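Descriptive structure summary
Chain residues, written in single-letter form:
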Amino acid sequence: MINKVLIANRGEIALRIIRTCHEMGLQTVAVFSTADRDSLHVRFADEAVCIGPPPSRDSYLRPDRIISAAEVTGAEAIHPGYGFLAENADFSAICEDHNIKFIGPPPNTIRMMGDKSLAKTTMRNAGVPVVPGSEDLVKSVPLGKRIASEIGYPVIIKASAGGGGRGMRVAWSEGEFSSQYSVAQAEAEASFGNGDLYVEKFITGPRHIEIQVLGDGKGNVIHFGERECSIQRRHQKLTEESPSPGVNEETRRKMGAAAIAGADAVNYEGVGTVEFLLDDKGSFYFMEMNTRIQVEHPVTEEVTDCDLVEYQIRVAMGENVKKREIKIDGHAIECRINAEDPFNDFSPCPGTVTTFHPSGGHGVRVDTHVYAGYLIPPYYDSMIAKLIVRARTRDLAIRKMLRALDEFVIEGVKTTIPFHQQLLRNKKFQAGDINTGFLDTFELTPEES
Ligand code: MV4
């Protein structure tokens, strides 16, 4: 039985989770660092517990303090949000050990998907298309070269403990293989304390498309269509949409079925995201599976009219997932508004937000924890709001987003709003002609002051 949920997170996602809990009649407990004393998640939760000083490793990343907070307040479940402990298998296990329901998959699922080589093998065995490459870890340069010459150059050497782009190097020819292998290994060792590598064909100019899934851990898995996430900079997504302008009905059906087959193979419990690369010929390949709710989940919620956090909680309560086809209606776009200067290499701009006027009107959603007078702490990520619009078509959604961006007033810190305005006015973006390399050649025009 779950009556009270502790939210082991901060910022907009903590608020987002608290809102759904309250709609479901659940009590909420916020945890906060001393930098977040005046945060809205602390105000909106029924109870709040301070868990330490500002640095994450001393507060939001401390399982012992979070478990203590759950125990003293009598919370029966912990929602990890995204980031922090959301994909930490040990934390999921610690919750289990304390008879607290971790709202997410069991430790072994998180562990398996965190091992990118094992995740790939699992998906391959489930019949999910994967990028041609090594069947397992590549423990030596000669073995790597043999595999690379079989599949053909260019190849990409990836850290098995990696994800999100670190410990990854491309070799364009055999002459480059050895040095790129060493660089990837050193980076993987330094970043993850694990130098394990695997090798696959390098797909040039792919789209990043991901399928939202939901499972109940009892063999029932459904999907909610795809999200287009190709607009990224240094592996940080800036804009996402659903559906993808690059996915036709046939690809959507095949990719949805592949995602379900993959999730089924691990008896998936909770919400998850199966990431694919989609090449220019329309072939798609499994990339990674994320075992958390993602930042960009609202675009899926808007086109499916589903509350994904509610589903997470229902599954955690033991409810079965009803097998059904989820209908996609209209088009949704999300712009991440970060406190960063897009004209200065997106450098972070912490500080006090003096004016904050979020956009509104029909089809406009703003997920944020910010208010006028809010001090953005320098310790955490720089996202201050997600602006999400929904309209009947992609063209109308772009128009609505441009209107909503125009209306959003944030003063005191620089933001990524001007970047989004130029992106959405770009002809290639408007034509849906995007891939993961789009921002490499996108030139931001300086603004006159
Ligand atoms: C790839 C790839 C091309 N070919 N794998 C980047 C993050 C990590 N999750 C995997 N990534 C990639 N894997 C093969 N075989 C290109 C990327 C990639 C990328 C993927 C998604 C979104 C943005 C990206 C930017 C650069 C490279």
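Okay, so let's go over this structure.

Here the focus is the overall build of the chain. From N to C terminus, the chain includes 15 helices and 22 strands. The C-alpha atoms of the chain give 22 Å as radius of gyration, which agrees with the globular expectation for 449 residues (22 Å, within 12%). Across its three principal axes, the chain shows a C-alpha extent of roughly 60 × 60 × 45 Å. The buried share among the 449 residues of the chain stands at 56%. Restricting to contacts in the chain with at least 6 residues of sequence separation, those with at least 24 account for 64%. A total of about 18600 Å² of accessible surface is found on the chain, and carbon and sulfur atoms cover 47% of it. With 50 positive and 62 negative side-chain charges, the chain shows a spacing of 2 Å between the two charge centroids.

Further remarks concern the packing of helix H5 (residues 107-114) against helix H6 (residues 116-125). For the pair H5 and H6, interaxial distance at closest approach is 5 Å and the crossing angle is 100°. In terms of orientation, H5 and H6 fall into the roughly perpendicular class. Note on element contacts: H6 touches H5 through Lys116, Leu118, Ala119, Thr122 and Met123, opposite Met112, Met113 and Gly114. In terms of residue class, the contact of H5 with H6 is built from 5 nonpolar, 2 polar and 1 charged.

Moving on to the layout of surface pockets. For the second largest pocket, the calculated volume is near 350 Å³. If you go around the second largest pocket, you meet 16 residues; those closest to its centre are His223, Arg252, Arg253, Glu325 and Ile326. Broken down by secondary-structure element, the contributors of at least two residues to the lining of the second largest pocket are strand E10 (221-233) and helix H9 (249-265). Partitioned by chemical class, the residues of the lining of the second largest pocket number 7 nonpolar, 3 polar and 6 charged.

Another aspect to go through is empty space enclosed by the protein. All chains considered together, the criterion is met by 4 cavities of 30 Å³ or more. Taken as a whole, the largest cavity encloses approximately 50 Å³ of empty space. Along its surface, the largest cavity is lined by 14 residues, and Ile103, Gly104, Thr291, Arg292 and Gln312 are the ones closest to its centre. Looking at the lining of the largest cavity, its residues break down into 7 nonpolar, 6 polar and 1 charged.

What counts, and where the lines are drawn
- Residues numbered from 1 in each chain as written.
- Predicted model: local features only at pLDDT ≥ 70, side-chain atom pairs only at ≥ 80, totals over all residues.
- Heavy atoms only, no water.
- Helix = DSSP H or I, 4+ residues; strand = E, 2+ residues; numbered from the N terminus.
- Rg over C-alpha atoms; globule rule 2.2 N^0.38 Å.
- Buried < 20%, exposed > 50% of the residue type's maximum accessible area, 1.4 Å probe, protein only.
- Contact = heavy atoms within 4.5 Å.
- Areas by Shrake-Rupley, 256 points an atom, 1.4 Å probe, with all protein chains shown as cover.
- Lys, Arg positive; Asp, Glu negative; His and termini not counted.
- Charge placed at Lys NZ, Arg CZ, Asp CG, Glu CD.
- Axes fitted to C-alpha atoms, helices over the stretch in contact; angles between N-to-C directions.
- Parallel < 35°, antiparallel > 145°, perpendicular 65-115°, else oblique.
- Nonpolar A, V, L, I, M, F, W, Y, C, P; charged D, E, K, R; others polar.
- 1 Å grid on protein atoms, 1.4 Å probe; cavity = no way out; pocket = protein on both sides within 12 Å on 5 of 7 lines; lining within 4 Å.
- Points joined across faces, edges and corners; volume = space filled by probe spheres on them.

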